[in-house]
Amino acid sequence: MFGKLFSSYASPSSLKKAGVLGMNSRNYNFISKYNRRDLYPLVDDKVQTKILANKIGINTPGLIGVIEYQHQVDNILNIVKDYKEFVIKPAHGSGGKGVLVIKGYTPDAFTKASGEVLSYNEIYQHISNILSGLYSLGGKYDVAVIEELVHFSNIFKDYSFQGIPDVRVIVYKGFPALAMMRLATKMSGGRANLHQGAVGVGLDISTGSALKAVMRNVPIHLHPDTHAELNKIQVPNWREHLEIGAKAYEMTGLGYLGADIVLDADRGPMMLELNARPGLAIQIANGIGLAGVLKNIDDTYPSGLTAQQRVDFVLGKKS
Amino acid sequence: MLKKFASVRFILSLGLILSIIFAAYNAYYKIKYWGFNITPKKMTDVWTIETHISFEPTGEPIKVSIASLSSSKEFKILDENIIAPGYKTKKQKKDGDNRLILTTSAKNEPQDIYYRVLLFDNEDGKGKMTAPVPPAPQKPVLDEQRTAIAQELIVQAEKLQGDMPQKFIRLLNQTPPNSTVQSFFPVRKTQQDIAEALSSLLSIKGVPNRIVKGIKLEEDKKSFNPDFMLEAYTGSRWKLYNIKTAQVGMPEDFIILQRGNAALLDVEGGENSSVKFSVLKSISSSFNLAGKRAKLADQKASFEFSIFNLPLLEQNTLKWLMIFPLAILVIVLMRNVIGIQTMGTFTPMLLSMALVKTGFWPGLICFTVIIGIGLIIRAMLSKLNLLLVPRISAVVIFVILIMQVMTICGYRFSLEIASSAVFFPIIIMAWIIERASITWEEDGPINAGKEVFNSTLVAIITYFIISSEYIRHIMFAFNELNLVILFIVMLLGTYTGYRLTELKRFKPLAKD
Ligand SMILES: Nc1ncnc2c1ncn2[C@@H]1O[C@H](COP(=O)(O)OP(=O)(O)O)[C@@H](O)[C@H]1O
Ligand SMILES: [Mg+2]
């Protein structure tokens, strides 16, 4: 029995050899070293991220409006009057909490992406909850962001159950280092969060094609719900994906960040959000240790390049 | 960057080593000089000595002066109290003689004063009290006849064995006494007579001496007179002699009440005064005494600034606080080395503190019930779509109500388990419920259960550490260890190795 227990654990040296990055090392050697604390608000606050992104020329869903105070909640219909569809989300949210995607509405019936219909009161309540901090880190008072809907490209339709696939790129010192695509499953409740049971597909950083796929740490080949072949995935507009990541470095000054990118059918890759403390599951999806990749960047990549040059450099690394 | 990193670790390691040395030295010092034990000694004898003074007032203002106990090599005073209504009390120290002075205006009724002292054995004193070299004694004033007898006795004593005081003691205690001895004493000689005679004889011989009055501590002794002994300065140190057996040294369980020839009790404005002693033996947890014991054991100023110099109440608070750094260390280890994710950093700690107060099983059952009921109520609340702050407030109020009901039921049906509800921190409970129910809604009941379970698990482990009498004793008695813990915690802040749970999580990536 002990043997079995033991065999489910790897030895630290074998992980080190594989260049696996652990949480402690991530926090100490990368986040605390390359991400200045005062820069966090730039990525933790989705309004600020959006404004910065627009300045530097990164594609993001257009901002429709911001609701800051309770008394403005009743303005919602006025704010969205020029739009047929919109998304409401907390500015300081995480993990998709409190994101409400409205596909169409009348003044008292709002249709969610899932088809569920909400009353005006429920929308009002939802925004109030956002303002009161229900979905935000530490329950601090928050503001509600209302932004344009992303029309997801149909390319990955077969690869995702309900939710929308997105691409996460880890960017180190401005160089895209690792990338994966996250696909929602029935198990993950249509959400693209790996710990909830979404599928993670590792992507070749220089080509955007699938390397391998895992679900709950277990390698898989077919999507559990749609049965699509996961290794066939090839992300289009790969260069633009990488550009978003690379530019995010200049935009925020964060040496170690994660960029979440979705593919809009009309406008191409769009940055949905940035993360100053991106998770480590991406290593499992890729089957590649992050520490090794980051060390390689430290040791062999040139410095002083522009965002475009860095992308060129990464694309040129085709193996 | 790498250099800076290395130097942070270097400095912290250095700090750790220094703090270990410091703690080790202090532990050594405390064990050696303050008599601290590594293990909490369970029980210690505590003696209560009651001095009962009674007298009849003469109608003048009253001043009572009584020899009072002071800490000795063997015994320390734990507590004392005086029952003397209407009297002003004052302590006086004169020529190494401690006296308690009580004064009041004139009275008419017979007076009774009680002076109670709690003593415990001072096994930590370990020969710290040294006496200065005394001056040569004054020759006693004896009439001619007695001087002659005394000279005769001195000659007789020379033939006996032992040192000078012993010779005299043996001579005076011979049975049957020879005629010289008999003529030196009144018909019925008391202990006091013998002691005084010995003192005179030694003074004639120029040996510094003093009469010692003390109490032999025996279980439940009532209304007795103090015992007499004699101290003589021979061989360049004070030696204590039993005036009957001539045995040298402090008898076991003997406490010195007074040294010197002054009266035990002096009453101005009173007559027919008497003083009687009673002794009562009890036992007390020696851990409770550790602070007092240490405080009394050492005369050095360093002590003034230690925890053990504080009043017992503050000590108890600190004793409670002293265990926290260790608990924090455990939680840091759990999170950063083992890799267990808990709800907030200090929730487990607060839970474990509550468990200490409630006891393990009652606390755990109670906790589960509160959280369980709380989650059900919270699920109902979520249907009402309340705003965050009012909703959490409602949960807090519900938690309070649950606790109230449990406590009342617990009392009504004498269920100890239920009545421990009040010890759980309300806000923490409400917060756990809120967090768990959000996780429940978002990630399902399994994840919510996992979160609560992890936090509880860490709390239980922490509980076993902080509830251990042994560990608490160590952390309190050798509180410098907290400095060591501080450096360990800071060093853990630079620990960049894998967490135990990551060894499993990243197993698929392992390369051999
Ligand atoms: N503008 C949008 N249009 C369509 N879907 C969106 C939009 N914004 C967010 N979403 C959906 O909500 C999810 C979470 O949004 P995101 O902005 O990443 O918030 P969070 O910080 O909570 O992860 C996305 O993965 C996507 O599925
Ligand atoms: Mg997201």
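One numbering rule holds for all chains: residues counted from 1, following each sequence as written. Here the convention is simple: chains get letters from A, ligands get numbers from 1, in the order in which they are written. It should be noted that, the model being predicted, local features are given only for residues of pLDDT at least 70 and side-chain atom pairs only at 80 or more, the latter also being counted only at that level, while totals for whole chains, interfaces and linings use all residues. Note that the side-chain values use all heavy atoms of the structure and ignore hydrogens as well as water.

Another aspect to go through is the overall build of chain B. Broken down by element type, chain B carries 16 helices and 13 strands. Here the term buried applies to any residue with accessible area under 20% of the maximum for its type, exposed to any over 50%, and partly exposed to those in between, with areas from a 1.4 Å probe on protein chains only. Burial statistics for chain B: of 512 residues in total, 46% are counted as buried. Once local pairs closer than 6 in sequence are excluded, the contacts in chain B between residues at least 24 apart make up 76%. In short, Shrake-Rupley with a 1.4 Å probe defines the accessible areas, and a residue's cover is counted only from the protein chains shown. Put simply, chain B shows about 26100 Å² of open surface, and 61% of that area lies on carbon and sulfur atoms. Numbering of helices and strands runs from the N terminus; a helix is a DSSP stretch of H or I covering at least four residues, while a strand is a stretch of E covering at least two. Two residues qualify as a contact provided that any one of their heavy atoms is within 4.5 Å of a heavy atom in the partner residue.

Attention now goes to the overall build of chain A. Broken down by element type, chain A carries 11 helices and 13 strands. Per-residue burial over chain A gives 53% buried out of 319 residues. Put simply, 63% of the contacts in chain A that link residues at least 6 apart link residues at least 24 apart. Accessible surface for chain A amounts to roughly 14000 Å². Of this, 54% is attributable to carbon and sulfur atoms.

All names here are of chain A. Any residue with a heavy atom lying within 4 Å of a molecule or strand is counted as near it. Lining the immediate surroundings of ligand 1 are 19 residues, of which Lys46, Lys89, Gly96, Glu147 and Glu273 lie closest. Polar contacts here mean pairs of N or O atoms no more than 3.5 Å apart (in protein, one a potential hydrogen donor and the other a potential acceptor; neighbouring residues in sequence count only if both atoms are side-chain atoms). Contacts to ligand 1 include glycine 96, whose backbone N or O atom sits 2.6 Å from an oxygen atom. Of all the secondary-structure elements, those providing two or more residues to the shell around ligand 1 are strand E2 (86-90) and strand E13 (268-275). Domain extents, as shown, originate in an automatic or database domain assignment. Mapped onto the domain boundaries, the shell around ligand 1 takes at least three residues apiece from domain 1 (2-42 + 153-315) and domain 2 (62-147).

At the junction of the two partners, chain B supplies 33 residues and chain A supplies 40 residues. Once two parts are brought into contact, the accessible area they lose, counted with a 1.4 Å probe and summed over both, makes up the buried area. Here chain B packs against chain A, burying approximately 3300 Å² in sum over the two surfaces, 58% of which is carbon and sulfur. Considering only the side of chain B, the residues that lose the most area to chain A are Glu442, Tyr498 and Leu509 of chain B, jointly responsible for 20% of the buried surface there. For this analysis, a salt bridge means a side-chain nitrogen from Lys or Arg found within 4 Å of a carboxyl oxygen belonging to Asp or Glu. Viewed at the interface, chain A and chain B are joined by zero salt bridges. At the junction of chain B with chain A, the criterion picks out 11 residue pairs in polar contact (both at pLDDT 80 or more). Elements that contribute at least two residues to the side of chain B that touches chain A include exactly helix H1 (2-33), helix H11 (388-412), helix H13 (426-466) and helix H16 (500-505) of chain B. With five residues, H16 of chain B is the largest single contributor of residues to the side of chain B that touches chain A. Each residue is assigned to one of three groups, with Ala, Val, Leu, Ile, Met, Phe, Trp, Tyr, Cys and Pro labelled nonpolar, Asp, Glu, Lys and Arg labelled charged, and all others, Gly among them, labelled polar. Of the residues belonging to the side of chain B that touches chain A, the class tally is 16 nonpolar, six polar and 11 charged.

A few words on the pairing of strand E7 (residues 209-216) of chain B. Residue and element names in this part refer to chain B. Counting buried residues along E7, six of its eight residues qualify, which places the element largely inside the surrounding structure. When DSSP finds two or more bridges between a pair of strands, those strands are recorded as paired. Examined bridge by bridge, E7 and strand E9 (residues 227-234) share six bridges and lie antiparallel to one another. For asparagine 209, the partnering residue across the bridge sits in E9 and is alanine 232. Two elements, E7 and strand E11 (residues 254-259), share five bridges in a ladder whose sense is antiparallel.

Residue and element names in this part refer to chain B. Expected helix span is taken as 1.5 Å per residue step, with the number of steps being one fewer than the number of residues. The first and last C-alpha atoms of helix H5 (residues 191-204) sit 20 Å apart over 14 residues, in line with the 20 Å expected at 1.5 Å per residue. Judged by how many residues are buried, H5 sits mostly within the fold: 11 of 14 residues are covered. Looking at the buried side of H5, the elements it contacts are helix H2 (144-158), helix H3 (164-172), helix H4 (179-184), E7 and E9. Positive phi shows up at glycine 206, right after H5, with a value of about 80 degrees.

Right, let's talk about the side chain of serine 128 of chain A for a bit. Of note, serine 128 of chain A is situated in helix H7 (residues 120-131). Residue serine 128 of chain A is classed as buried on the basis of its relative accessible area of 3%. Those residues in contact with serine 128 of chain A, other than ones at most four positions away along the chain, are Gln70 and Val73 of chain A together with Leu387 of chain B.

What follows deals with the sheet that holds strand E5 (residues 97-104) of chain B. All names here are of chain B. The four strands lie next to each other as E4-E5-E2-E12, forming an open sheet whose pairing is antiparallel. Strands at the two margins of the open sheet, each flanked by one partner only, are strand E4 (88-94) and strand E12 (265-268). Going across the sheet, the axis of each strand differs from the next one's by a mean of 15 degrees, ignoring polarity. The convention used is that axes are lines fitted to C-alpha atoms, helices contributing only their stretch in contact, and that angles between N-to-C directions extend from 0 to 180 degrees.

In this section: a nonpolar patch on the surface. Two joining distances apply to patches: 9 Å for like charges and 5 Å for nonpolar side chains (Val, Leu, Ile, Met, Phe, Trp, Tyr), and every residue must have over 30% relative accessible area and no salt bridge. Judged by side-chain polarity, Phe10, Ile11, Leu14, Ile17, Leu18 and Ile21 of chain B come together as a nonpolar surface patch covering roughly 630 Å² of accessible area. Relative to the assigned elements, leucine 14 of chain B resides in helix H1.

This next bit is on the environment of proline 140 of chain B. Residue and element names in this part refer to chain B. Mapped onto the elements of the fold, proline 140 is located in the loop between strand E6 (111-121) and H2. Between the C-alpha atom of proline 140 and that of serine 203, which follows or precedes it by 63 residues, the distance is 6.6 Å. Among residues more than four places away in sequence, those in contact with proline 140 are Ser200, Ser203 and Ile204.

All names here are of chain A. Taking strand neighbours across the sheet as the criterion, the seven strands line up as E11-E10-E9-E8-E7-E12-E13 in an open arrangement whose pairing is antiparallel. At either end of the open sheet lies a strand with only one pairing partner, and these are strand E11 (218-220) and E13. Each strand axis lies, on average, 30 degrees off the axis of its neighbour in the sheet, ignoring direction. Pairing of strand E8 (residues 175-183) with strand E9 (residues 199-203), which is carried by five bridges, proceeds in the antiparallel orientation. Counterpart to arginine 182 in the pairing with E9 is glycine 200. Running over the sheet, helix H10 (residues 290-300) touches strand E7 (166-172), E8 and strand E12 (256-264) and is turned about 150 degrees from E8.

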